[in-house]
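Fold and contact review
Residues per chain, in single letters:
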Amino acid sequence: MYKEILNPYFKHSTTGEAVNYVTKVELLASEEALTINFQCEDNPYTSQNHMREHNAPLYNQEVFEVFISKGTEDPTRYWEIEINPNAAVWIGEIEKLGDEPQQILRNLLPEEFGLDWEAKAELDRWEGKLVIPWDSIGAKGEVDFRLNFYRIRSKVSHEDPNWTCDAETCDFICWQSTLSGDQPAFHRPKKFGKLRIQ
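Keep in mind that this is a model prediction, so the values were computed, not measured.

So, on to the overall build of the protein. Counting secondary structure elements, the protein contains one helix and 13 strands. Relative to its length of 198 residues, the protein is compact, with a C-alpha radius of gyration of 16 Å against a globular reference of 16 Å. Dimensions of the protein along its principal axes, counting C-alpha atoms only, are 45 × 35 × 30 Å. Burial status across the protein gives 51% buried among its 198 residues. The contacts in the protein between residues at least 6 apart in sequence include a share of 60% that link residues at least 24 apart. Surface exposure of the protein reaches about 9,700 Å², of which carbon and sulfur atoms provide 45%.

Structure, rendered in structure tokens:
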């Protein structure tokens, strides 16, 4: 079993500056799947996330996300898997060609994808698990991957349950910063990190 613990101080997607709060991520790789255990600390508005349906636009509120593709090259197709504090998930296969906007090729429900997942929330933190079968992303037997991990964290209280995150009200942070400049952007596959399962 391969195991790796990532640097818990994620970086702003815009500038690459590290944040002063912790996102713990542990990776466990078996022959069958990649397990991602995560903890989102210092999250004071956890209870204000109201989405509960799978494949709703979870990315409009607080989420933990993983983008992953097999191989070592800059990917043009990858999987995006999100989970929110209510254990709702979003799963999509994404195409991103150069500077063109990303396109969602398809959405899958967790049962269709084969995802095992869980999330639980407390007053000011939340944590969870994603188990991604290699077969589901066409990567059985692969050892090299391009991937990134992201977190959207609210900085202010929201009275409207249908609130939407933006650069003023939320932090958009990454394991490997996408260095997107003025506006947060996660879909920058050239900035994905590398993982080799040994």
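Following the structure, the description resumes.
The phi dihedral of Asp42 is positive, around 50 degrees, even though this residue is not glycine. Locating Asp42 in the fold gives a position in the loop between strand S4 (33-40) and strand S5 (63-70). Non-glycine residue Ala87 carries a positive phi angle of around 70 degrees.

Let us look at the sheet that holds S4. Overall, antiparallel pairing links the five strands, which are arranged S1-S3-S4-S10-S9 in an open sheet. Each having just a single partner strand, strand S1 (2-5) and strand S9 (116-121) make up the two edges of the open sheet. When the angles between neighbouring strand axes are averaged without regard to direction, this sheet yields 10 degrees. Relative to strand S3 (residues 23-29), S1 runs antiparallel, the two sharing four bridges. From the neighbouring strand, Glu4 faces S3, where its bridge partner is Leu27.

Attention shifts here to the pattern of salt bridges. One pass over the full model with this rule turns up 13 salt bridges. Of the charged contacts in the structure, one is a salt bridge between Glu41 and Arg125, with a shortest N-O distance of 3.1 Å. Placement of Glu41 in the loop between S4 and S5 and of Arg125 in the loop between S9 and strand S10 (126-133) is noted, with a sequence separation of 84 residues between them. Each member of the pair Glu41 and Arg125 is classed as buried.

The subject of this paragraph is the pairing of strand S7 (residues 89-95). Within S7, seven of the seven residues are buried, which leaves it mostly tucked inside the rest of the structure. Residues of S7 alternate between two faces, with Val89, Ile91, Glu93 and Glu95 on one and Trp90, Gly92 and Ile94 on the opposite face, all of them buried. Connecting the antiparallel pair strand S6 (residues 77-83) and S7 is a turn made up of five residues, with Ala87 showing a positive phi of about 70 degrees. Pairing analysis gives four bridges linking S7 to strand S8 (residues 103-107), with the strands arranged antiparallel. The residue bridging Gly92 from the neighbouring strand is Asn107, located in S8.

So, on to the environment of Ser13. Mapped onto the elements, Ser13 comes out in the loop between strand S2 (11-12) and S3. Residues Ser13 and Asp160 lie 147 residues apart in sequence; the distance between their C-alpha atoms is 26 Å. Ignoring any residue separated from it by four or fewer positions in sequence, one finds Ser13 in contact with Phe172, Ile173, Cys174, Ser177, Thr178, Leu179, Ser180, Pro184, Ala185 and Phe186.

Tallied over the full model, the rule gives zero disulfides. Left unpaired, Cys40 is separated from the closest cysteine sulfur, that of Cys170, by 13 Å. Judged by relative accessible area, Cys40 falls into the buried class, the value being 0%. Free of any disulfide, Cys174 has its nearest cysteine sulfur in Cys165, 13 Å distant. Given the relative accessible area of 0%, Cys174 is considered buried.

Okay, the nonpolar core next. Of all hydrophobic cores here, the largest spans 36 residues; its most connected members are Ile36, Phe64, Ile68, Phe113, Trp134, Ile137 and Phe149. Of all the secondary-structure elements, those providing two or more residues to this core are S3, S4, S5, S6, S7, S10 and strand S11 (144-154). Those residues in contact with Ile36 that sit more than four places away from it in its chain are Val25, Glu26, Leu27, Phe64, Val66, Gly128, Lys129, Leu130, Ile132 and Phe149. In this structure, Val63, Ile94, Cys170 and Phe186 belong to the second largest nonpolar core, which totals 18 residues.

Cut-offs used in this document
The residue numbers shown here count from 1 along each chain, following its written sequence. Where totals are concerned, whole chains, interfaces and linings use all residues; where local detail is concerned, this predicted model gives features only for residues with pLDDT of at least 70, and gives and counts side-chain atom pairs only at 80 or more. Hydrogens and water are ignored here; the side-chain numbers use all heavy atoms of the structure. Every helix listed is a DSSP run of H or I at least four residues long, and every strand listed is a run of E at least two residues long, numbered separately from the N terminus. For a compact globule the rule gives 2.2 Å times the number of residues to the power 0.38, and the radius of gyration it is set against comes from C-alpha atoms. Note on exposure labels: buried denotes an accessible area under 20% of the residue type's maximum, exposed denotes more than 50%, and partly exposed covers the range between, all computed with a 1.4 Å probe on protein chains only. Note on definitions: a residue-residue contact is assigned when non-hydrogen atoms from the two residues lie within 4.5 Å. Here the open area of atoms and residues is found with the Shrake-Rupley method and a 1.4 Å probe, where only the protein chains shown may cover a residue. Any two strands between which DSSP finds at least two bridges are classified as paired. Interaxial angles span 0 to 180 degrees and are taken between N-to-C directions of axes, which are lines fitted to C-alpha atoms, for helices over the stretch in contact. Whenever Lys or Arg places a side-chain nitrogen within 4 Å of a carboxyl oxygen from Asp or Glu, that contact is recorded as a salt bridge. A pair of sulfur atoms, both from cysteines and within 2.5 Å, is called a disulfide here. Side-chain atoms within 4.5 Å are what join buried Ala, Val, Leu, Ile, Met, Phe, Trp, Tyr and Cys residues into a set we call a nonpolar core.

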